[in-house]
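# A look at the structure
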Amino acid sequence: DATIAARILALRAELDLHSHRYYVLDEPSIPDAEYDRLFNELKALEAAHPELVTADSPTQRVGGAALSAFGEVRHEVPMLSLGNAFEEDDLLDFDRRVREGLDLPAGDLFGGGAEIEYCCEPKLDGLAVSLLYENGLLVRGATRGDGSTGEDISTNVRTIRNVPLKLHGEGWPSVLEVRGEVFMSKAGFDALNARQVESGGKTFANPRNAAAGSLRQLDPKITASRPLEFCCYGIGRVEGELPTTQVGILQQLRVWGLPISRELKLAKGADACLAYYRDIGERRASLAYEIDGVVFKVNDLAYQRELGFRAREPRWAIAHKFPASEELTE
Ligand SMILES: NC(=O)n1nc(-c2ccco2)nc1N
């Protein structure tokens with residue numbers, strides 16, 4: 001009846017708010033035990049009134065039966081990998097190529113000429129994923145695959161606790177494809193391997209393999225049991241309005257409930273990018289997740305479009321890698 005339906009809607013709204021504060025704002029608002037109590041109350045009410053269940057209810061994260069195979073997804077906007085910089089000079093070359101590509105003055109010996117603004121982030125070492133939202137609802141998830149065709153992992157991405165099943169607030173585009181990295185934290189990885197040893201399951205070599213193996217499970221219940229996280233870093237297909245800078249878009253995605261990197265920064269010019277690279281490099285061991293470099297992207301989207309994509313890599317972005325860690329060379 002109406003009061004039950006109202007209670008169900010109130011519980012969903014409250015649970016979504018707590019998830020948003022916990023996963024996106026990093027400001028938990030209630031103890032986990034209280035969250036679980038509300039969640040169980042909603043689960044019980046929905047079990048008694050199945051006709052009131054909707055796909056965006058927090059109880060609908062873990063799908064049903066295991067798939068026999070993954071469907072295929074065609075990426076309308078190709079998901080490309082990044083070109084690499086290894087040395088400082090490679091980064092300076094990148095900045096020079098960007099300025100040349102935009103017909104901007106190369107800047108005199110003393111670094112004159114308007115500096116290019118870059119959006120800076122750590123390069124998470126997980127696997128790239130596309131999430132498609134239509135009218136604010138999560139309707140599909142896909143792996144990068146070969147950049148043009150990926151695997152449909154929609155039931156599995158729904159089990160990732162910090163992926164919103166429904167966008168927050170309002171004003172989001174009717175079609176919004178977001179791209180980001182699915183990864184496992186160092187602590188989550190260690191705990192998973194410990195559990196695998198206990199249960200006689202196989203252990204994983206590193207968090208990236210663990211994330212890939214967990215996400216590409218045909219049984220969503222296994223994926224749901226793995227400590228996966230998602231971090232947004234860009235967009236694909238969009239029908240509607242978005243801010244006109246990379247940083248502005250990411251900050252807007254966060255408002256709509258999508259998690260972004262807490263290390264996001266705007267840098268003016270190549271020297272500021274080098275300072276960011278050095279700062280993240282110094283803090284790398286203490287980060288909660290594995291990274292293999294940092295990523296610099298031209299912040300102005302009009303500039304990004306003007307620079308376009310060379311063959312298979314964006315001209316407007318570069319991954320600046322750290323030296324491979326010593327254990328890899330043993
Ligand atoms: N792995 C990672 O953290 N990435 N990957 C990109 C990317 C890949 C292609 C365009 O952008 N950006 C970030 N922060």
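Residues numbered from 1 in each chain as written. Predicted model: local features only at pLDDT ≥ 70, side-chain atom pairs only at ≥ 80, totals over all residues. Heavy atoms only, no water.

### Considerations on the confidence of the model for the protein
In this model, the protein carries an average pLDDT of 93, and 95% of its residues clear a pLDDT of 70 or more. Predicted complex, confidence summary: ipTM 0.98, pTM 0.91. (pLDDT = per-residue confidence, 0-100.)

### Quick look at the nonpolar core
In terms of nonpolar packing, the biggest core is built from 37 residues, with Leu-131, Tyr-133, Val-178, Leu-215, Phe-230 and Leu-253 touching the most fellow members. When residues of this core are traced back to their parent elements, those giving at least two are strand 4 (127–134), strand 7 (175–184), helix 5 (186–199), helix 6 (207–215), strand 8 (228–239) and helix 8 (246–255). The contacts of Leu-215, once residues within four sequence positions are left out, are Phe-70, Leu-127, Val-129, Ile-153, Asn-156, Val-157, Ile-160, Val-182, Thr-223 and Leu-228. Of all hydrophobic cores here, the second largest spans 28 residues; its members include Leu-102, Cys-273, Ile-291 and Val-298. (Core = buried A, V, L, I, M, F, W, Y, C linked by side-chain atoms within 4.5 Å. Buried < 20%, exposed > 50% of the residue type's maximum accessible area, 1.4 Å probe, protein only. Helix = DSSP H or I, 4+ residues; strand = E, 2+ residues; numbered from the N terminus. Contact = heavy atoms within 4.5 Å.)

### Examining the packing of helix 3 (residues 88–101) against helix 9 (residues 270–283)
Each packed pair of helices is defined by two parameters, the angle between the axes and the distance between the axes. Where helix 3 contacts helix 9, the two axes come as close as 10 Å, and the packing angle between them is 145°. Relative to helix 9, the crossing made by helix 3 is right-handed. Counting all contacts with helix 3, which are made through Glu-88, Leu-91, Leu-92 and Asp-95, the residues of helix 9 involved are Ala-270, Cys-273, Leu-274 and Arg-278. Within the contact of helix 3 with helix 9, the residues separate by chemical class into five nonpolar, no polar and three charged. (Axes fitted to C-alpha atoms, helices over the stretch in contact; angles between N-to-C directions. Left-handed = near helix turned anticlockwise from the far one by under 90°. Nonpolar A, V, L, I, M, F, W, Y, C, P; charged D, E, K, R; others polar.)

### So, the sheet that holds strand 7
Strand order in the open sheet made by the four strands is 5-4-7-8, with antiparallel pairing throughout. Each edge of the open sheet is held by one strand with a lone partner, namely strand 5 (137–143) and strand 8. Between one strand and the next, the sheet's axes are offset by a mean angle of 25°, whatever the strand orientation. Of the strand pairs in this sheet, strand 7 and strand 8 are connected by nine bridges, and their pairing is antiparallel. Pairing of Arg-179 across the sheet is with Gly-234, part of strand 8. (Pairing = 2+ DSSP bridges.)

### Side note on the sheet that holds strand 2 (residues 84–85)
Across the sheet, which stays open at both edges, the five strands sit in the order 2-13-10-3-9 with mixed pairing between neighbours. Both outer strands of the open sheet, strand 2 and strand 9 (265–268), are each paired with one neighbouring strand and no more. As paired strands, strand 3 (residues 117–124) and strand 9 are joined by four bridges and run antiparallel to one another. In the strand pairing of strand 9, Tyr-118 is matched with Ala-267. Against the sheet, helix 3 makes contact with strand 2, strand 3, strand 10 (291–298) and strand 13 (317–321), and its axis sits at roughly 175° relative to strand 13, the strand it touches most. Contacting strand 3, strand 9 and strand 10, helix 8 crosses the sheet at an angle of about 55° to strand 3.

### A closer look at the site of the ligand
Neighbouring the ligand are the residues Leu-80, Leu-82, Glu-121, Pro-122, Lys-123, Leu-124, Glu-181, Tyr-233, Val-295 and Lys-297. Here an oxygen atom of the ligand and a backbone polar atom of Pro-122 are 3.4 Å apart. Within the side chain of Glu-181, an N or O atom sits 3.3 Å from a nitrogen atom of the ligand. For the ligand, whose accessible area on its own is 350 Å², the fraction buried by protein is 89%. Looking at the shell around the ligand, the elements with two or more residues in it are strand 3 and strand 10. It is strand 3 that provides the largest number of residues to the shell around the ligand, a total of four residues. Residues that form the shell around the ligand fall into these classes: six nonpolar, no polar and four charged. (Near = heavy atom within 4 Å. Polar contact = N/O pair within 3.5 Å; in protein donor to acceptor, adjacent residues only side chain to side chain. Areas by Shrake-Rupley, 256 points an atom, 1.4 Å probe, with all protein chains shown as cover.)

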